[in-house]
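Each chain, letter by letter, is given below.
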Amino acid sequence: MARSKAFRPTLSDRVFDIANYTFMTLVMLVTLYPFLNVLAISLNDSVDTVRGGIYIWPREFTFENYVQIFKYKGLLTGAKITLLRTAVGTLLGLISGTMLGYVLSRVDFQGRRFMSVFLALTMYFSGGMIPVFILIRDLHMMNTFLVYVIPGMVSAFNVFVIRSFIDGLPYSLQESAKLDGANDFKIYYKVILPLCSPVLATIALFLAVGQWNSWFDTYLYNGLSPHLTTLQYELMKVLQSTTQGTGGGMAAGQNMAEQIKKVSPESIKMAITIVVTVPILLVYPFLQKYFVKGMTLGAVKS
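None of these values were measured; they are calculated from a predicted model.

About the criteria used
- Residues numbered from 1 in each chain as written.
- Predicted model: local features only at pLDDT ≥ 70, side-chain atom pairs only at ≥ 80, totals over all residues.
- Heavy atoms only, no water.
- Helix = DSSP H or I, 4+ residues; strand = E, 2+ residues; numbered from the N terminus.
- Contact = heavy atoms within 4.5 Å.
- Areas by Shrake-Rupley, 256 points an atom, 1.4 Å probe, with all protein chains shown as cover.
- Axes fitted to C-alpha atoms, helices over the stretch in contact; angles between N-to-C directions.
- Parallel < 35°, antiparallel > 145°, perpendicular 65-115°, else oblique.
- Left-handed = near helix turned anticlockwise from the far one by under 90°.
- Nonpolar A, V, L, I, M, F, W, Y, C, P; charged D, E, K, R; others polar.
- Phe/Tyr/Trp six-rings, centres within 6.5 Å; stacked < 30°, edge-to-face > 60°.
- Buried < 20%, exposed > 50% of the residue type's maximum accessible area, 1.4 Å probe, protein only.
- Core = buried A, V, L, I, M, F, W, Y, C linked by side-chain atoms within 4.5 Å.
- pLDDT = per-residue confidence, 0-100.
- Expected span 1.5 Å × (residues − 1).
- Salt bridge = Lys/Arg side-chain N within 4 Å of Asp/Glu carboxyl O.
- Patch = residues over 30% accessible without salt bridge, like charges linked within 9 Å, V, L, I, M, F, W, Y side chains within 5 Å.

Engineer: Report on the overall build of the chain, specifying residues and quantitative values.
Structural biologist: What the chain contains, in helices and strands, is 16 helices and zero strands. Partitioning the contacts of the chain with sequence separation of at least 6, the portion at a separation of at least 24 is 70%. For the chain, the exposed surface amounts to about 18,100 Å²; the carbon and sulfur share of it is 68%.

In C-alpha cells form, the structure reads like this:
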C-alpha cells in the first residue's frame, strides 16, 4: 500500500505532464502544418489557389496539377534513372563506407592515422566546381551513368560514423574469429556487417536521400543526355517553364507552356514538392527503429 502511494502522481507531476503534452502537441502541429499546407495547395484548383486562404484542406479539390506534371514524357525516364541511381549509389556507398570504416577501426593498420587525417581534410577543403568539372571530363564520365555514383561513393562523414560504431563493438569478436581461421574479409562480412545493421540503416538513409534529391550533377554533366535525366532535374525544368511561361524546347512534341497553362506556378511548385518528397518519406518508417540507435552509437564515440 505504501508502495502505491509512493508512485501516485502529485499535483506538480500532473501540471508537468499537461505542459509537456501541450508543448509537444504544438511542436507536432508546427512541424506538420507546412506539409499539410503544401499538400492542400497541390490538390486545390489552381485558379482558386490564387485567391489565397488555403490552409490544410483544399477548397476546390482536383488532381489537375498532378495530371499536367505527369503529361511531360521526360518524367518517366527521369523517375527510372533516379530510382536506379538511388539504389546503386546507396549500395556502393554502403560497401565502400563500411570497408573503409572497418579498415580504419583496426588498431593494427599502420596507416590509420594518416588516412583519418586525409579523410578529415576532405570535409573542410575541396577543389571547387571548375576543377571537379575538369576532373570528371578528363575521366570521361561526362554523359554517363557513372557520374551519378562514382564521385560520391566515399563520404568522410559516413566513414567516421561507421568507424566509430565498429570501435564500440568488442574487439574480442574479431580475435575469436581469427582463432577460428577467419581472414580479414570473412571477419568483415561474417562478423562486422551483421552487427552494424543500425548504423548501416542510418547511412543508407543519408545516401538514399542525397541521391534522390540530387539534380545539379545532371545539370552539369548529363544535361545533353535525355536518356540519363533525373526526376528532380525534369521537375526543375517543369517549374522553370511554368514560372517563365515558356517551354524552352523542353517538351517532346508539345510546348510545355501549353501543357501547363491551366495551372498556376504556385500549384505546380506544391505538386512538385509532394512528388519528390513522398517517395523518400515512405522509406523512413522502415529505417526509423535503427536510425536513433545508429546515430547515437555511431556518433558519440571517439
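Read on, since the account is not over.
Engineer: So what about unusual backbone geometry? Which residues, and what values?
Structural biologist: Not every positive phi belongs to a glycine, and H140 is a case in point at roughly 60°. Tracing the backbone through its elements, the reader meets H140 in the loop between α7 (129-138) and α8 (146-149). The phi dihedral of N143 is positive, around 60°, even though this residue is not glycine. Its place among the elements puts N143 in the loop between α7 and α8.

Engineer: Please set out the packing of helix α5 (residues 74-105) against helix α9 (residues 156-167) residue by residue, giving values where relevant.
Structural biologist: Contact pair α5 / α9: the axes reach a minimum separation of 8 Å and the direction vectors enclose 50°. Between α5 and α9, the angle falls in the class oblique. Along this stretch, α5 crosses α9, giving a crossing that reads as right-handed. Residue-level contacts link G97, T98, L100, G101, Y102, L104 and S105 of α5 to V159, I162, R163, I166 and D167 of α9. Its residues placed into classes, the contact of α5 with α9 shows six nonpolar, four polar and two charged.

Engineer: Mind laying out the packing of aromatic side chains, listing which residues take part and the relevant values?
Structural biologist: In the structure shown here, the tally under the stated rule is twelve aromatic pairs. Residues Y102 and Y188 carry aromatic rings whose centres are separated by 5.9 Å and whose planes lie at 40° to one another, so their mutual orientation is tilted. A residue pair is termed long-range when its members are at least 10 positions apart, and Y102 in helix α5 and Y188 in helix α11 (residues 184-195) qualify at 86 residues. Here the two residues Y102 and Y188 agree in accessibility, since each one is buried. Each residue in the set Y102, F185, Y188 and Y189 is aromatic and connected to the rest through ring pairs, giving one cluster.

Engineer: Describe the nonpolar core, and please don't skip the residues or the numbers.
Structural biologist: Generally speaking, nonpolar side chains in soluble globular proteins are found buried as a group. If you look at the biggest cluster of nonpolar residues, it comprises 22 residues, and the most contacted ones within it are Y66, I69, L75, L235 and I272. Every element with two or more residues in this core is listed here: α2 (11-42), α4 (64-70), α12 (197-213), α14 (231-244) and α16 (265-299). Here this core takes eight residues from α16, the largest share from any one element. Counting residues in hydrophobic clusters, the runner-up holds 19 residues, among them I162, A177, V199 and I203.

Engineer: Residue-level account of the confidence of the model for the chain, with values.
Structural biologist: Considering every residue of the chain, the mean pLDDT works out to 82; 85% of them sit at 70 or more. Across the chain, the secondary-structure element scoring lowest on mean pLDDT is helix α15 (residues 256-259), at 50, and the one scoring highest is α8, at 93. Across residues 246-254, confidence stays below pLDDT 50; counting only partners more than four residues off in sequence or on other chains, it has 15 contacts.

Engineer: A description of α12 should follow, citing residues and the corresponding values.
Structural biologist: For α12, which comprises 17 residues, the first-to-last C-alpha distance of 24 Å matches the rise-based estimate of 24 Å (1.5 Å per residue) to within 8%. Burial in α12 covers these residues: P198, V199, L200, A201, T202, I203, A204, L205, L207, A208, Q211 and W212.

Engineer: Tell me about the pattern of salt bridges, residues and numbers included.
Structural biologist: Within the structure shown, the criterion is met by ten salt bridges. Residue D48 pairs with R51 through a salt bridge whose shortest N-O separation is 2.5 Å. On the basis of relative accessible area, R51 is assigned to the exposed category, the value being 63%. R85 is paired through a salt bridge with D217; the nearest N and O atoms lie 2.8 Å apart. In this pair, R85 sits in helix α5 while D217 sits in helix α13 (residues 216-221), placing the two residues 132 residues apart along the sequence.

Engineer: Lay out the side chain of T98 with the relevant residues and their values.
Structural biologist: Relative to the elements of secondary structure, T98 occurs in helix α5. Classification of T98 as buried rests on a relative accessible area of 4%. Sequence-distant contacts of T98, defined by excluding residues within four places in its chain, comprise I162, Y188, L193 and L200.

Engineer: Pulling in residues and values, what's your account of the packing of helix α10 (residues 172-179) against α11?
Structural biologist: Helix-helix packing is characterised by the crossing angle of the two axes and by the distance between the axes. Across the interface, α10 lies against α11 with an axial gap of 10 Å and an inter-helix angle of 140°. One way to sum up the angle between α10 and α11 is to call them oblique. You can see that α10 and α11 cross each other, and the crossing is right-handed. Note on element contacts: α11 touches α10 through D184, I187, V191, I192 and L195, opposite L173, Q174, A177 and K178.

Engineer: Which residues make up a nonpolar patch on the surface, and what are the values?
Structural biologist: On the surface, V117, L121, M123, Y124, F125, F157 and F206 cluster together into a nonpolar patch covering about 740 Å² of accessible area. By the secondary structure assignment, M123 is in the loop between α6 (112-122) and α7.

Engineer: Which residues make up the environment of T202, and what values go with them?
Structural biologist: Topologically, T202 is positioned in helix α12. A relative accessible area of 0% places T202 in the buried class. Considered as a pair, T202 and V161 are 41 residues apart in the sequence and their alpha carbons are 9.6 Å apart.

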